[in-house]
Amino acid sequence: MARELASGDCRGECNWTGTNDQIDDLQVFACGACGSEWIPTESWTPRNADGEIDPGVAAARAAHPVAPSSPW
Ligand SMILES: [Zn+2]
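S.K.: Please explain unusual backbone geometry as it appears in this structure.
M.R.: Peptide bonds are mostly trans, and most non-glycine residues show a negative phi. A positive phi angle, near 50 degrees, is found at aspartate 24, a position not held by glycine. Mapped onto the secondary structure, aspartate 24 falls in the loop between strand E1 (16–23) and strand E2 (26–31). In this structure, aspartate 25 takes a positive phi of about 65 degrees despite not being glycine. Topologically, aspartate 25 is positioned in the loop between E1 and E2.

S.K.: Hey, could you run me through the environment of cysteine 14 in this one?
M.R.: Within the secondary structure layout, cysteine 14 lies in the segment before E1. By C-beta crowding, cysteine 14 is classed as partly exposed, having 18 other C-beta atoms within 10 Å. Distance from cysteine 14 to alanine 30, taken between C-alpha atoms, is 9.3 Å for residues 16 residues apart in sequence. Dropping the residues within four chain positions of it, cysteine 14 is found in contact with Cys31, Ala33, Cys34, Pro46, Arg47, Asn48 and Ala49.

The rules behind these values
- Residues numbered from 1 in each chain as written.
- Predicted model: local features only at pLDDT ≥ 70, side-chain atom pairs only at ≥ 80, totals over all residues.
- Helix = DSSP H or I, 4+ residues; strand = E, 2+ residues; numbered from the N terminus.
- Buried ≥ 20, exposed ≤ 12 C-beta atoms within 10 Å, placed from the backbone.
- Contact = placed C-beta atoms within 7 Å.

Following this line, the structure appears as structure tokens:
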């Protein structure tokens with residue numbers, strides 16, 4: 001791992017956008033409201049405050065699907 005993802009305190013104002021940053025060749029997405037970061041190998045999917053998923057996030061999620069439930 002190049003580095004840890006930042007984790008902010010979301011307050012219902014999330015606005016996720018792709019950044020020019022990469023971790024392990026994966027594009028990093030960041031929340032403009034709280035500064036949290038996300039890469040598509042995370043098991044959760046960031047959602048904007050209005051309930052929409054950013055098209056870039058959705059595309060990255062689709063390219064790197066995760067199992068809907070953990071076996072344990
Ligand atoms: Zn946020």
